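An overview of the molecular structure
Chain by chain, the residues:
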Amino acid sequence: QVQLVESGGGLVQAGGSLRLSCAASGRTFSSYAMGWFRQAPGREREFVAAISWSGGSTYYADSVQGRFTISRDNAKNTVYLQMNSLKPEDTAVYYCAARFPGTVVAGTAEDYDYWGQGTQVTVSS
């Protein structure tokens, strides 16, 4: 069982930056691949980024490639999403998710086993 708690969301102007954090409970965090997803009002939940258990493999949605960076610190049981050059269309609730095994970096929500409750990111124009 893994419990996930996101933080770091907020209101930022277009072009600004935010760093989201997702703290995980449990001693097996390093066994899981981690992902970030987002959901805007009236839209489907969409994949943002994912990272393997070791951090050696990462995967990004085309819409955030080059602007967002996913990373993890297994000693702190935390995964991060650094978001730069934010755009109004990045406005959404951002969720972190965990999947096992951690060697597989996946881009679909159905592949993930555990989810956080989300943190709101609002980008003003």
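If you're wondering where the values come from, they're calculated on a predicted model, not measured in any experiment.

A word on the overall build of the protein chain. Tallying secondary structure elements over the protein chain gives zero helices and eleven strands in all. The order of α-helices and β-strands along the protein chain, N terminus first, is β-β-β-β-β-β-β-β-β-β-β. By the compact-globule yardstick of 14 Å for 125 residues, the protein chain fits well, its C-alpha radius of gyration being 13 Å. Counting only residues that meet the buried cut, the protein chain has 43% of its 125 residues in that class.

Time to look at the environment of Phe 29. Looking at where Phe 29 falls in the secondary structure, it is placed in the loop between β3 (18-24) and β4 (33-39). Sequence spacing of Phe 29 and Leu 81 is 52 residues, and the spatial spacing of their C-alpha atoms is 17 Å. Not counting chain neighbours up to four residues away, the residues in contact with Phe 29 comprise Ala 24, Met 34, Arg 72, Asp 73, Asn 74, Asn 77, Thr 78 and Val 79.

Moving on: the pattern of salt bridges. On inspection of all chains with the given rule, the structure shows three salt bridges. With its nearest N and O atoms 2.6 Å apart, the salt bridge here joins Arg 38 to Glu 46. Judged by its relative accessible area of 27%, Glu 46 falls in the partly exposed class. A salt bridge links Asp 90 to Arg 38, with the nearest nitrogen and oxygen atoms 2.9 Å apart. Of the two residues, Asp 90 is situated in the loop between β8 (78-83) and β9 (92-99) and Arg 38 in strand β4; the sequence distance between them amounts to 52 residues.

A word on the side chain of Arg 67. In this structure, Arg 67 sits in the loop between β6 (58-60) and β7 (68-73). Arg 67 gets classed as buried once you look at its relative accessible area, which sits at 11%. Excluding anything up to four places from it in sequence, Arg 67 contacts Gln 82, Met 83, Asn 84, Ser 85, Leu 86, Lys 87 and Asp 90.

On to the packing of aromatic side chains, then. Think of a pair of aromatic rings as described by two things: how far the centres are apart, and how the planes are tilted against each other in angle. This model, assessed by the stated rule, comprises seven aromatic pairs. One aromatic cluster is present, built from ring pairs that chain together Phe 37, Phe 47, Tyr 59, Tyr 112 and Trp 115. Over the aromatic face of Phe 29 sits the side chain of Arg 72, whose NZ or CZ is 4.5 Å from the ring centroid.

Let's shift gears to unusual backbone geometry. The residue after Phe 100, namely Pro 101, is reached through a cis peptide bond having omega 5°. For Pro 101, the position within the fold is in the loop between β9 and β10 (114-115). Phi at Asn 77 is positive, roughly 55°, even though this residue is not glycine. For Asn 77, the position within the fold is in the loop between β7 and β8. The buried category is assigned to Asn 77, whose relative accessible area is 18%. A positive phi angle, near 50°, is found at Ser 85, a position not held by glycine. Structurally, the position occupied by Ser 85 is in the loop between β8 and β9. Exposure remark for Ser 85: the relative accessible area of 41% places this residue in the partly exposed category.

Scoring rules and cut-offs
By convention here, each chain's residues receive numbers from 1 onward along its written sequence. Owing to the predicted nature of the model, reporting of local features is limited to residues with pLDDT of at least 70; listing and counting of side-chain atom pairs is limited to 80 or more, with chain, interface and lining totals taken over all residues. Computation of side-chain values covers all heavy atoms of the structure but excludes hydrogens and water. To qualify as a helix, a DSSP run of H or I must reach at least 4 residues; to qualify as a strand, a run of E must reach at least 2; elements of each kind are numbered from the N terminus. What the globule rule says is 2.2 Å times the number of residues to the power 0.38, and the radius of gyration is computed from C-alpha atoms. Throughout this description, buried means an accessible area under 20% of the type-specific maximum (1.4 Å probe, protein chains only), exposed means over 50%, and partly exposed covers the range between. Whether two residues are in contact is decided by their heavy atoms, any of which lying within 4.5 Å being enough. Should a side-chain nitrogen of Lys or Arg be within 4 Å of a carboxyl oxygen of Asp or Glu, the pair is scored as a salt bridge. Any pair of Phe, Tyr and Trp rings, taking the six-membered ring for Trp, is counted once the centres come within 6.5 Å. Such a pair is stacked with planes under 30 degrees apart, edge-to-face with planes over 60 apart, and tilted for the rest. Two conditions define a charge sitting above a ring: the NZ of Lys or the CZ of Arg must be within 6 Å of the ring centre, and it must be within 35 degrees of the ring normal.

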